[in-house]
Amino acid sequence: MPHLTEHHLVPRSQGRRRGLKVASLPTALLCLACHKYLHTTFSNQELENQYSSLAALREHEGVQKFVAWIRKQPATKGVRVR
């Protein structure tokens, strides 16, 4: 089973700017490769304004293609995200 990391759907820096406590921000568990992909692909502002839910992330064509590709990779394979 791959190691899962906690992804803040509203980035911590953006939540703090709104005066929210980090502990109250919504999160999702993602594999490390998917987590890195999101932060490489989107700015924190985009993540906050357009992709602050799993449904919104799933609808993005690039995310769909990456998830389809990563599912085919063995869990033990180290994936490099650019």
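Attention here is on the structure that accompanies the text. The residue numbering used here restarts from 1 in each chain and proceeds along that chain's sequence as written. In keeping with the model being predicted, local features are shown solely for residues with a pLDDT of at least 70 and side-chain atom pairs are shown and tallied solely at 80 or more, while totals for entire chains, interfaces and linings include all residues. Derived side-chain values reflect all non-hydrogen atoms in the structure, with water molecules and hydrogen atoms excluded from consideration.

## Section: the overall build of the protein chain
Our working rule: Strands here mean DSSP runs of E at least two residues long; helices mean DSSP runs of H or I at least four residues long; both are numbered from the N terminus. Radius of gyration: C-alpha atoms only; globule rule: 2.2 Å multiplied by the number of residues to the exponent 0.38. Surface accessibility follows the Shrake-Rupley procedure with a 1.4 Å probe radius. Residue values consider only the protein chains on display as shielding.
Within the protein chain one finds 5 helices and 2 strands. When its helices and strands are written in sequence order, the protein chain yields β-α-β-α-α-α-α. Relative to the globule expectation of 12 Å for 82 residues, the C-alpha radius of gyration of the protein chain, 13 Å, shows essentially globular dimensions. A total accessible area of about 5,800 Å² is found for the protein chain, and carbon and sulfur atoms account for 50% of it.

## Some points on helix H2 (residues 32-41)
Going by this rule: For every residue, the accessible area (1.4 Å probe, protein chains only) is compared with the maximum for its type, and the residue is labelled buried under 20%, exposed over 50%, or partly exposed between those bounds. Here, residues are in contact when the closest pair of their heavy atoms is within 4.5 Å.
Taken residue by residue, H2 has Ala33, Cys34, His35, Tyr37 and Leu38 as its buried positions. Buried residues belonging to H2 abut strand S1 (4-8), strand S2 (27-31), helix H4 (54-59) and helix H5 (61-71).

## Describing the side chain of glutamate 48
Under the convention used in this document: Identification of polar contacts relies on pairs of N or O atoms within 3.5 Å, with a donor-acceptor requirement for protein atoms, meaning one able to donate a hydrogen and the other able to accept it, and with residues adjacent in sequence counted only if both atoms are side-chain atoms.
Here glutamate 48 shows up in helix H3 (residues 44-49). Here glutamate 48 falls in the buried class, since its relative accessible area comes to 15%. Side-chain polar atoms of glutamate 48 contact the side chain of arginine 18, separated by 2.8 Å. If we ignore the near neighbours within four places in the chain, the residues touching glutamate 48 are Val10, Pro11, Gln14 and Arg18.

## Some words on the pattern of salt bridges
Note the cut-off: Any carboxyl oxygen of Asp or Glu that lies within 4 Å of a side-chain nitrogen of Lys or Arg is treated as forming a salt bridge with it.
For the structure shown, the criterion picks out 2 salt bridges. Here arginine 18 makes a salt bridge to glutamate 48, at a shortest N to O gap of 2.8 Å. Placement of the pair is arginine 18 in the loop between helix H1 (12-17) and S2 and glutamate 48 in helix H3, with a sequence separation of 30 residues. By relative accessible area, arginine 18 is classed as partly exposed at 47%. Lysine 65 is paired through a salt bridge with glutamate 61; the nearest N and O atoms lie 3.3 Å apart. A residue pair is termed a helical-turn pair when its members lie 3 or 4 positions apart in one helix, as lysine 65 and glutamate 61 do in helix H5 at 4 residues.

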